[in-house]
Amino acid sequence: QVQLEESGGGLVQAGDSLGLSCAASGRTFSSYHMGWFRQAPGKEREFVAGITWSGSMTYYADSVKGRFTISRDNAKSTVYLQMNSLKPEDTAVYYCAAAHRRTSLSRNRNAYDYWGQGTQVTVAS
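Every value quoted in this text rests on a predicted model; they were computed, and no experiment measured them.

Details of the nonpolar core
Residues L4, M34, W36, V79, L81, M83 and Y94 are the most contacted members of the largest nonpolar core, which totals 37 residues. Looking at this core, the elements that each hand over two or more residues are β1 (2-7), β3 (18-26), β4 (32-39), β5 (46-51), β7 (68-73), β8 (78-83), β9 (92-100) and β11 (119-124). Counting residues per element, this core draws most heavily on β9, which supplies 6 residues.

In structure tokens, the structure reads:
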């Protein structure tokens, strides 16, 4: 089992920056690729960013490319999402998720085995 806990959400203005953290506990953090997803009211949960177990590769949704940065610190068992130039359409509950590295890093939420409870990000216009 892997337990994930997100932190860092909040209310910001359009154009502001915000950083999210996701702390993992349980099994070896470096055995897992990590992803960030988000879900806005009335919408499906969507992929935001992903990072391989070693941190050597990252993927982003087109909607956040160039504005968001995913990173990880395996020594701290933590994955981060730095969000810059936030827009009202970024408003959502943000979730981190873990997928065992035996699989390829995926944008598909069904590929992820463990999920956090989520943290709310609200961007006011």
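Having seen the structure, we can now continue with the description.
Overview of the state of the cysteines
What the rule picks out here adds up to 1 disulfide. The disulfide partner of C22 is C96, and the S-S distance across this bridge is 1.9 Å. Torsion about the S-S bond of the C22 and C96 cystine: about 50°, corresponding to right-handed handedness. A residue pair is termed long-range when its members are at least 10 positions apart, and C22 in strand β3 and C96 in strand β9 qualify at 74 residues. Judged on exposure class, the residue C22 and its partner C96 are both buried.

Overview of the pattern of salt bridges
Considering all chains together, one arrives at 5 salt bridges under this definition. Two residues, R38 and E46, come together in a salt bridge whose shortest N-O distance is 2.7 Å. On the basis of relative accessibility, which here comes to 6%, the residue R38 falls in the buried class. Between R109 and E44 there is a salt bridge; the shortest N-O distance is 3.8 Å. One end of the pair, R109, is in the loop between β9 and β10 (114-115); the other, E44, is in the loop between β4 and β5, and 65 residues separate them in sequence. Among the residues examined, E44 registers a relative accessible area of 60% and is labelled exposed. Ionic contacts of the salt-bridge type, sharing partners, join the residues R38, E46, R67 and D90 into one network.

Let's talk about the packing of aromatic side chains
Going through the model one piece at a time under the given rule, you end up with 6 aromatic pairs. One aromatic cluster is present, formed by F37, F47, Y95, Y112 and W115 through successive ring pairs. Across the ring face of W53, the terminal group of R101 is positioned such that the distance to the ring centre comes to 4.1 Å.

So, the sheet that holds β3
Judged by pairing direction, the sheet is antiparallel, and its 4 strands sit side by side in the order β1-β3-β8-β7 without closing on themselves. The sheet is open, and its two borders are formed by β1 and β7, each paired with just one other strand. The mean angle between the axes of side-by-side strands here comes to 15°, regardless of whether they run parallel or antiparallel. Note that β1 and β3 share 6 bridges and pair antiparallel. Opposite E6, over in β3, you have C22 as the bridge partner.

Cut-offs used in this document
Residues numbered from 1 in each chain as written. Predicted model: local features only at pLDDT ≥ 70, side-chain atom pairs only at ≥ 80, totals over all residues. Heavy atoms only, no water. Core = buried A, V, L, I, M, F, W, Y, C linked by side-chain atoms within 4.5 Å. Buried < 20%, exposed > 50% of the residue type's maximum accessible area, 1.4 Å probe, protein only. Helix = DSSP H or I, 4+ residues; strand = E, 2+ residues; numbered from the N terminus. Disulfide = S-S within 2.5 Å. Salt bridge = Lys/Arg side-chain N within 4 Å of Asp/Glu carboxyl O. Phe/Tyr/Trp six-rings, centres within 6.5 Å; stacked < 30°, edge-to-face > 60°. Lys NZ or Arg CZ within 6 Å of the ring centre and 35° of its normal. Pairing = 2+ DSSP bridges. Axes fitted to C-alpha atoms, helices over the stretch in contact; angles between N-to-C directions.

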